[in-house]
Every structure is written in C-alpha cells, then in structure tokens.
Amino acid sequence: DIYPMAGEILFLVSGSMLVFAFVTIIFNAISGLGETRTSFLIELATISVYIIACIVVFKFLHWEIKYTWIVEYLYFSVNGLLSFIYLRYYFKVRKG
C-alpha cells in the first residue's frame, strides 16, 4: 500500500525542510557579506558530497526509496557546517 509509505516520506521531507530553513539563513549570510566566491565553493563542495552520497545509496546500498530522503539531511548538514565554519573564520579574522 502506497499511503503508509507516503506518510513516512512526508515525515522525512518535513524534517529536512526544518533543517533547510536554518541552514539557508547561515548560507545566505555569506553571500550577503559579499563573499560570493566562497558561497559558490561551499555549494560546490556540498553538491559533490550529495552526488557521491546519492550514488552510494542507490548503486551500492540499495536503500528503499523512502530512506534515500535521508541524503537531504546530509546535504543540508554539510552546507550548514561549512557555512558556519566559514562565518566563524570570517568574523575571527575580521575582528582580530
């Protein structure tokens, strides 16, 4: 039956959208500081990790489709972590 699986997928996607809401603010702060090259590099690294994770999940681990949405958490976590690290570096260098 497709309806219980749809509920599980909706639960996973809803959680990743909450993470997305916070990460987007941190990531866009870098562009707002005029560091567009840095934001591009962060996005490039994040997408690279995301594509590798998708390949591993689909080709090698053979996860059910509902669990592949967990890769979204990886995407937003990597993006948020790199953005946070850069912002800490940016303000430490600027302040010091």
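The structure reproduced in this document is the subject of the present report.

How each quantity is defined
- Residues numbered from 1 in each chain as written.
- Predicted model: local features only at pLDDT ≥ 70, side-chain atom pairs only at ≥ 80, totals over all residues.
- Heavy atoms only, no water.
- Helix = DSSP H or I, 4+ residues; strand = E, 2+ residues; numbered from the N terminus.
- Buried < 20%, exposed > 50% of the residue type's maximum accessible area, 1.4 Å probe, protein only.
- Contact = heavy atoms within 4.5 Å.
- Areas by Shrake-Rupley, 256 points an atom, 1.4 Å probe, with all protein chains shown as cover.
- Lys, Arg positive; Asp, Glu negative; His and termini not counted.
- Charge placed at Lys NZ, Arg CZ, Asp CG, Glu CD.
- Axes fitted to C-alpha atoms, helices over the stretch in contact; angles between N-to-C directions.
- Parallel < 35°, antiparallel > 145°, perpendicular 65-115°, else oblique.
- Left-handed = near helix turned anticlockwise from the far one by under 90°.
- Nonpolar A, V, L, I, M, F, W, Y, C, P; charged D, E, K, R; others polar.
- Expected span 1.5 Å × (residues − 1).
- Core = buried A, V, L, I, M, F, W, Y, C linked by side-chain atoms within 4.5 Å.

What follows is about the overall build of the chain. Secondary structure assignment for the chain yields three helices and zero strands. Starting at the N terminus and ending at the C terminus, the chain contains elements arranged as α-α-α. Its C-alpha atoms give the chain principal-axis dimensions of about 60 × 25 × 20 Å. A buried classification covers 29% of the 96 residues belonging to the chain. In the chain, 74% of the contacts between residues at least 6 apart in sequence involve partners at least 24 apart. Accessible area of the chain: about 6800 Å², with a carbon and sulfur share of 73%. In the chain, 7 side chains carry a positive charge and 6 a negative one; their mean positions are 20 Å apart.

A few words on the packing of helix α2 (residues 36-61) against helix α3 (residues 70-95). In contact at an axis separation of 9 Å, α2 and α3 are set at 155° when each is read in the N-to-C sense. It follows from the interaxial angle that α2 and α3 lie roughly antiparallel. The way α2 lies across α3 gives a crossing that is right-handed. For the pair α2 and α3, contact is made by Thr38, Ile42, Glu43, Ala45, Thr46, Ile47, Val49, Tyr50, Ala53, Cys54 and Val57 and by Val71, Glu72, Leu74, Tyr75, Val78, Asn79, Leu82, Ser83 and Tyr86, respectively. Among the residues forming the contact of α2 with α3, the class breakdown is 14 nonpolar, four polar and two charged.

This brings us to α2. Between its terminal C-alpha atoms α2 stretches 36 Å, which fits the 38 Å expected from 26 residues at 1.5 Å a residue. Buried residues in α2 make contact with α1 (2-32) and α3. In the segment just after α2, His62 is the residue with positive phi, at about 55°.

Moving on, we come to the environment of Ile42. By secondary structure assignment, the location of Ile42 is in helix α2. Its relative accessible area of 7% is what places Ile42 among the buried residues. Separated by 28 residues in sequence, Ile42 and Ile70 have C-alpha atoms that sit 20 Å apart. Ile42 has contacts with Phe27, Ile30, Asn79, Leu82, Ser83 and Tyr86, leaving out every residue within four places of it along the chain.

A few words now on the nonpolar core. Within the largest apolar cluster, six residues are counted, these being Phe27, Ile30, Ile42, Tyr86, Leu87 and Tyr90. Those elements giving two or more residues to this core turn out to be α1 and α3. It is α3 that provides the largest number of residues to this core, a total of three residues. Ignoring sequence-local partners within four residues, the contact set of Tyr90 consists of Leu33 and Glu35.

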